[in-house]
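Examining the three-dimensional arrangement
As a plain string of letters, each chain reads:
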Protein chains: 2
Amino acid sequence: MSETKEKIVSLADKLIREKGFNAFSYKDISEPLQVKNAAVHYHFPTKMDLGIEVVEQELRLLSLNAEKWKKLPEDGQLLKFFGVFRKHCNNGNVCLMGSLAPDYETLSPAMREKVHEMASVIVEWMTSCLEQGRKHKRFHFKGSAGDRALLVISNLQSSLLLSRVLGPSAFTRISRQLLEDLGA
Amino acid sequence: MSETKEKIVSLADKLIREKGFNAFSYKDISEPLQVKNAAVHYHFPTKMDLGIEVVEQELRLLSLNAEKWKKLPEDGQLLKFFGVFRKHCNNGNVCLMGSLAPDYETLSPAMREKVHEMASVIVEWMTSCLEQGRKHKRFHFKGSAGDRALLVISNLQSSLLLSRVLGPSAFTRISRQLLEDLGA
DNA sequence: GTCTATATTCCGATAGAC
DNA sequence: GTCTATCGGAATATAGAC
């Protein structure tokens, strides 16, 4: 992937988190990169093509992190996962799912499919992390690991949304209580 | 408030939940109501004015519900609150906060202030409900009622977002586990 | 691979008649 | 209170030169 193309994807990712997919334009990308709007269209013919690439990049990052964290105990893995969200919170940004889910109905079928894949991958990773962690006595919780994974993910997602509106303490309070609940 | 004005607000509310604030246009409102785009501008000069009215309507509804539920025990009040979200889920819609929070940075200061007020009111209501409920032995949970309220609200919010992407079972699983955790 | 230039469409918003 | 008509601008996107 060319350097310009990488910069475009990286900036689009930032804009989606900051303003939402439907609120940013090609101009928001071409101007800071000091290229013309047509140059962005060369790399990504339509806005949905660009959106799909952003989600695919996130999928690659998730896979990379999962691999990198494999050697850690499950509570350590979970802390790393929380750390990713804390970083977003400190930047005042929301997560990709939290930004794209409300816009889901306005996305192309191909991009919807990618967002669906992203959600599935995250839920599967979290489910496995909690399941293994409970088996190794590093987590303690009631109910199925799948249901618990949904709860944890939804808490992290919304903690960033609430932090936008109520200030960053929302993330701190939610994540701390969440870890305490899991006995981690 | 005139009948037309009420219909505009009601439709705008629906559109914000369905497509997001930045993805709907005055045309999406004027066409179904069979009036001209200028008629909408007469009632709400700018889009932000319309958005503010939608949030204010939601605030009035919250206040009305809180009053209506006052006679119920706290677990009954919580179930009513969950019921509101279940209804949105069945309609395939997200909640107002879940839709507007990602767009927060693109809103006018006046509208941001309204969204902030809405978030505060919801958190305060939930905090009080959990606090009183615990005192009356109807809920059992660790930590402060305020932190727990943030967790419950973020779970409900994101359960609708996840249901968009993963199907309505996400809401069912999250809300059931949530009630179980509270011992309600 | 990036440019200039432009097509097309749609948007939010306003002026002024009725 | 709703209309017609229109403005000014911005959006996505394309054609074709370099």
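The structure we're discussing is the one just above.
About the cut-offs
Residues numbered from 1 in each chain as written. Chains lettered and ligands numbered in written order. Predicted model: local features only at pLDDT ≥ 70, side-chain atom pairs only at ≥ 80, totals over all residues. Heavy atoms only, no water. Contact = heavy atoms within 4.5 Å. Buried area = accessible area lost by both parts, 1.4 Å probe. Salt bridge = Lys/Arg side-chain N within 4 Å of Asp/Glu carboxyl O. Polar contact = N/O pair within 3.5 Å; in protein donor to acceptor, adjacent residues only side chain to side chain. Helix = DSSP H or I, 4+ residues; strand = E, 2+ residues; numbered from the N terminus. Near = heavy atom within 4 Å. Expected span 1.5 Å × (residues − 1). Phe/Tyr/Trp six-rings, centres within 6.5 Å; stacked < 30°, edge-to-face > 60°. Buried < 20%, exposed > 50% of the residue type's maximum accessible area, 1.4 Å probe, protein only. Nonpolar A, V, L, I, M, F, W, Y, C, P; charged D, E, K, R; others polar. Least-squares fit on C-alpha atoms with pLDDT ≥ 70 in both.

Notes on the interface of chain A and chain B
Tallying the contact residues gives 43 residues for chain A and 43 residues for chain B. Overall, the association of chain A and chain B removes approximately 3800 Å² of surface from exposure, summing both partners, and the carbon and sulfur fraction of that is 61%. In this assembly, chain A and chain B are joined by 8 salt bridges. Residue Asp147(A) pairs with Arg176(B) through a salt bridge whose shortest N-O separation is 3.6 Å. In this structure, the connection of chain A to chain B is made through 20 residue pairs in polar contact (both at pLDDT 80 or more). At the level of elements, α1 (3–19), α6 (96–100), α7 (109–135), α8 (145–166) and α9 (169–181) of chain A are the ones that each hand at least two residues to the side of chain A that touches chain B. For the side of chain A that touches chain B, the element with the highest residue contribution is α8(A), accounting for 15 residues.

Details of the protein's contact with DNA strand C
The environment of DNA strand C is made up of 17 residues, and the closest members are Thr4(A), His43(A), Tyr26(B), His41(B) and Lys47(B). The protein-proximal atoms of DNA strand C, defined as those within 4 Å of the protein, are 70% sugar or phosphate. For DNA strand C, a phosphate oxygen lies 2.6 Å from a polar atom in the side chain of His43(A). Going through the elements one at a time, α3 (37–43) of chain A together with α2 (26–30) and α3 (37–43) of chain B are the ones with two or more residues in the surface near DNA strand C. It is α3(A) that provides the largest number of residues to the surface near DNA strand C, a total of 4 residues.

Section: helix α5 (residues 74–90) of chain B
All names here are of chain B. With 17 residues, α5 extends 24 Å from end C-alpha to end C-alpha; this agrees with the ideal 24 Å at 1.5 Å per step. Against α1 (3–19), α4 (47–69), α7 (109–135), α8 (145–166) and α9 (169–181) lie the buried residues of α5. At the C-terminal side of α5, Gly92 shows a positive phi close to 75 degrees.

Observations concerning the packing of aromatic side chains
Residue and element names in this part refer to chain A. Applying the stated rule across the entire model yields 8 aromatic pairs over all chains. Ring centres of Phe81 and Phe85 lie 5.3 Å apart, and the angle between their planes is 45 degrees; this geometry places the pair in the tilted category. Of this pair, Phe81 and Phe85 both sit in helix α5 (residues 74–90), 4 residues apart, which is roughly one turn of the helix. Each of the two residues, Phe81 as well as Phe85, counts as buried.

Quick look at the protein's contact with DNA strand D
With respect to spatial proximity, 17 residues lie near DNA strand D, and among them His41(A), Thr4(B), Lys36(B), Tyr42(B) and His43(B) are the closest. Atoms of DNA strand D within 4 Å of the protein belong to the sugar or the phosphate in 65% of instances, the rest to bases. One of the side-chain nitrogen or oxygen atoms of Thr4(B) is found 2.9 Å away from a phosphate oxygen of DNA strand D. Counting only elements with at least two residues in the surface near DNA strand D, the list comes to α2 (26–30) and α3 of chain A together with α3 of chain B. Here the surface near DNA strand D gets 4 residues from one element, more than from any other, and that element is α3(B). Counted by class, the surface near DNA strand D contains 8 nonpolar, 6 polar and 3 charged residues.

Let's talk about the relation of the copies chain A and chain B
One copy of the chain maps onto the other through a rotation about an axis plus a displacement along that axis. The operation relating chain A to chain B is a screw motion whose rotation component is 180 degrees, with 0.0 Å of axial translation and a residual RMSD of 0.0 Å. Both chain copies can therefore be described as sitting about a two-fold axis. Interface overlap between copies is the fraction of interface residues in one copy that are interface residues in the other; for chain A against chain B it reaches 100%, indicating a shared surface.

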